[in-house]
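The residues making up each chain are set out below.
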Amino acid sequence: MEFDHENADNLRDYFESEYSEGKKWFAYAPDSVIKGKWDVNCFSSHLDAQQYAHDNTSAWEIIETGYVSDALYQLKKMLDIKPRQNEDKDIQHLKSIRSMNTQNLDFLQSSLKYFGFGDKLNEELKKNIEQQKGEFQINLQIPHFNNKMDYTLHFKKSDSTEMYFFNRMDAKLQNGKPEEEKSQSFYVNKGNGITAKEAFNLLEGRSVFKDLMIKEGQKYSAWLKLDFENADDKGNHKLKQFNDHYGYDLEKTLGNFPIKELADPEQKKQLLQSLEKGNVQQVTMKQGEKDLKFFIEAVPQFKNINVYDQKMHAVRRQNVQIFGKSESTGEKASQKQAQKKDADPEQPKQKQSRKRKLSLS
């Protein structure tokens, strides 16, 4: 860590200001001279600083983290200002590898909860980190009805710090038929990625709605679906994406069906969230005087949903779909159809063809 002597005073003021706001860690390029505040990034959490260094280190640039108290100590020596005695104690405390490993472990355990693995891997994770391996994997199998999922979680130690990062999840879907097994590697980006359940749903052929980020840091949302017909250069199935511009509105699509759960705001919210995770969700639809149970799943590629009965047999959408929002709307539609029928004798054939197109068969 090297500072520019001519700007030492300004740098000291900057670090003191950041330190007073609770930002005790900073990230910097170790091979360059720090000339101004634009050459560093300060953080209130050590984990945030480590994550920044991990995400911004490349083949031609190394990013490391340091302690603001270290920087202040060095800058004050350059300016011939005697540092406070307790700053030396802060440095020794913050440099404790044991404390760093504890924070790292807590961070990774929280990540595994986010990815849907709960706390069942905590002990094995702790054991591997204590052994200080360069990288390690944790294997886990989770049953799903008549299927089972095998997961291999990949962890790697940073080249420049003592921190470990969860980088990749390999997932394999097994249904007892080796020729039908499907697998995919899902990469973790800044602590976010495909969860365990979402991986299962994708390998089963359903779609998942996710918040994504392009290289420039811009965020966007899209439905994802695995393309089982095409693979990338790493052997992974390619991902089809259907973003906002594609025009799929799940909530609006559900409104075309007599789903009772849509009438309750909380049930509606839960239904949308479940479908966005790629789940097959049970709903209640009114059929005449009866309330019947169906299963549905989102199908963004065709801007619709699939409907199944209690035995998971496909149901024709038009058999349960709402074709009129009210009696008056229905009457107007009937009148228009009658007028078209009188004007164009071929209209019934066109209508019949359209119904066949909507069929699931």
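Before reading further, recall that the structure is shown in the block above.
The notes below deal with the structure included here. (Residues numbered from 1 in each chain as written. Predicted model: local features only at pLDDT ≥ 70, side-chain atom pairs only at ≥ 80, totals over all residues. Heavy atoms only, no water.)

## Some remarks on the overall build of the protein
Thinking step 1. The secondary structure content of the protein amounts to eleven helices and 15 strands.
Thinking step 2. Taking all 361 residues of the protein together, the buried fraction comes to 39%.
Thinking step 3. Long-range contacts, defined as pairs at least 24 residues apart, comprise 48% of the intrachain contacts of the protein with a sequence gap of at least 6.
Thinking step 4. Put simply, the protein shows about 22,100 Å² of open surface, and 45% of that area lies on carbon and sulfur atoms. (Helix = DSSP H or I, 4+ residues; strand = E, 2+ residues; numbered from the N terminus. Buried < 20%, exposed > 50% of the residue type's maximum accessible area, 1.4 Å probe, protein only. Contact = heavy atoms within 4.5 Å. Areas by Shrake-Rupley, 256 points an atom, 1.4 Å probe, with all protein chains shown as cover.)

## Regarding the nonpolar core
Thinking step 1. Residues Phe117, Leu125, Tyr151, Leu153, Phe155 and Phe166 are the most contacted members of the largest nonpolar core, which totals 32 residues.
Thinking step 2. The set of elements that each furnish at least two residues to this core consists of helix H5 (97-114), helix H6 (122-130), strand S6 (135-144), strand S7 (147-157), strand S8 (164-174), helix H7 (196-203) and strand S11 (219-231).
Thinking step 3. With near-sequence residues (within four places) excluded, Phe166 lies in contact with Leu108, Leu112, Phe115, Leu153, His154, Phe155 and Val188. (Core = buried A, V, L, I, M, F, W, Y, C linked by side-chain atoms within 4.5 Å.)

## What to know about the pairing of strand S14 (residues 290-299)
Across a regular strand the side chains alternate sides, sitting on one face of the sheet and then on the other.
Thinking step 1. Here strand S13 (residues 281-287) pairs with S14 via seven bridges, running antiparallel. Residue Gln287 lies in a different strand from S14, and its bridge partner there is Lys290.
Thinking step 2. Where S13 folds back onto S14 in an antiparallel hairpin, the turn is made up of two residues, including Gly288, whose phi is positive at roughly 70°.
Thinking step 3. Pairing between S14 and strand S15 (residues 304-308): five bridges, direction antiparallel. Bridge pairing links Val299 to Asn304 in S15.
Thinking step 4. Where S14 hands over to S15, the hairpin turn is made up of four residues, of which Lys303 adopts a positive phi near 55°. (Pairing = 2+ DSSP bridges.)

## Points about the packing of helix H1 (residues 8-20) against helix H3 (residues 68-78)
Thinking step 1. Direction vectors running N to C along H1 and H3 enclose 150°, while the axes themselves pass 9 Å from each other. As far as their axial angle goes, H3 and H1 are roughly antiparallel. Regarding H1 and H3, the two cross each other, and that crossing is left-handed. Touching Ala8, Leu11, Arg12, Phe15, Glu16 and Tyr19 of H1 are Val68, Ser69, Ala71, Leu72, Leu75, Lys76 and Met78, all from H3.
Thinking step 2. The residue inventory of the contact of H1 with H3, partitioned by class, reads nine nonpolar, one polar and three charged. (Axes fitted to C-alpha atoms, helices over the stretch in contact; angles between N-to-C directions. Parallel < 35°, antiparallel > 145°, perpendicular 65-115°, else oblique. Left-handed = near helix turned anticlockwise from the far one by under 90°. Nonpolar A, V, L, I, M, F, W, Y, C, P; charged D, E, K, R; others polar.)

## Side note on the sheet that holds strand S10 (residues 208-213)
Thinking step 1. Pairing is antiparallel in the open sheet, where three strands are placed in the order S10-S11-S12. Pairing within the sheet leaves two strands with one partner each, and these edge strands are S10 and strand S12 (237-243). Strand-to-strand twist of the sheet, defined as the mean angle between neighbouring strand axes without regard to direction, takes the value 50°.
Thinking step 2. Bridging between S10 and S11 involves six bridges; their strand directions are antiparallel. Across the sheet, the residue bridging to Val208 is Leu224, located in S11.
Thinking step 3. Here H7 sits on the sheet and contacts S10 and S11; the angle it forms with S11, its principal contact strand, is near 45°.

## Points about the packing of aromatic side chains
Thinking step 1. Summed over the entire model, instances satisfying the criterion amount to 14 aromatic pairs.
Thinking step 2. Ring geometry for Phe242 against Tyr246: centres 4.8 Å apart, planes inclined by 55°, an arrangement best described as tilted.
Thinking step 3. Take Tyr246: its relative accessible area is 30%, and that puts it in the partly exposed class.
Thinking step 4. Taken together, the aromatic side chains of Tyr114, Phe115, Phe136, Phe155, Tyr164 and Phe166 make up a single cluster linked through ring pairs.
Thinking step 5. The lysine or arginine in question, Lys182, covers the ring of Phe228, its NZ or CZ lying 4.2 Å from the ring centre.
Thinking step 6. Its end group placed over the ring of Tyr246, Lys303 keeps NZ or CZ at 5.0 Å from the ring centre. (Phe/Tyr/Trp six-rings, centres within 6.5 Å; stacked < 30°, edge-to-face > 60°. Lys NZ or Arg CZ within 6 Å of the ring centre and 35° of its normal.)

## So, the pairing of S6
Thinking step 1. Judged by which residues are buried, S6 turns out to be one-sided: Phe136, Ile138, Leu140, Ile142 and His144 face inward and are buried, whereas Glu135, Gln137, Asn139, Gln141 and Pro143, on the alternate face, are not.
Thinking step 2. Two strands pair when backbone bridges link them, and S6 and S7 are joined in this way by ten bridges, in the antiparallel orientation. Bridge pairing in S7 links Leu140 to Tyr151.

## Section: H1
Thinking step 1. Given a rise of 1.5 Å per residue, 13 residues ought to cover 18 Å, and the 18 Å separating the end C-alpha atoms of H1 matches this to within 8%.
Thinking step 2. Burial in H1 covers these residues: Ala8, Leu11, Arg12, Tyr14, Phe15, Glu18 and Tyr19. Along H1, the residues classed as buried sweep out an arc of 165° about the axis, all on the same side. Away from the buried face of H1 by more than 90 degrees, exposed residues Asn10 and Ser20 are located.
Thinking step 3. Of the residues one or two after H1, Gly22 is the one with positive phi, at around 90°. (Expected span 1.5 Å × (residues − 1). Arc of directions from axis to C-beta.)

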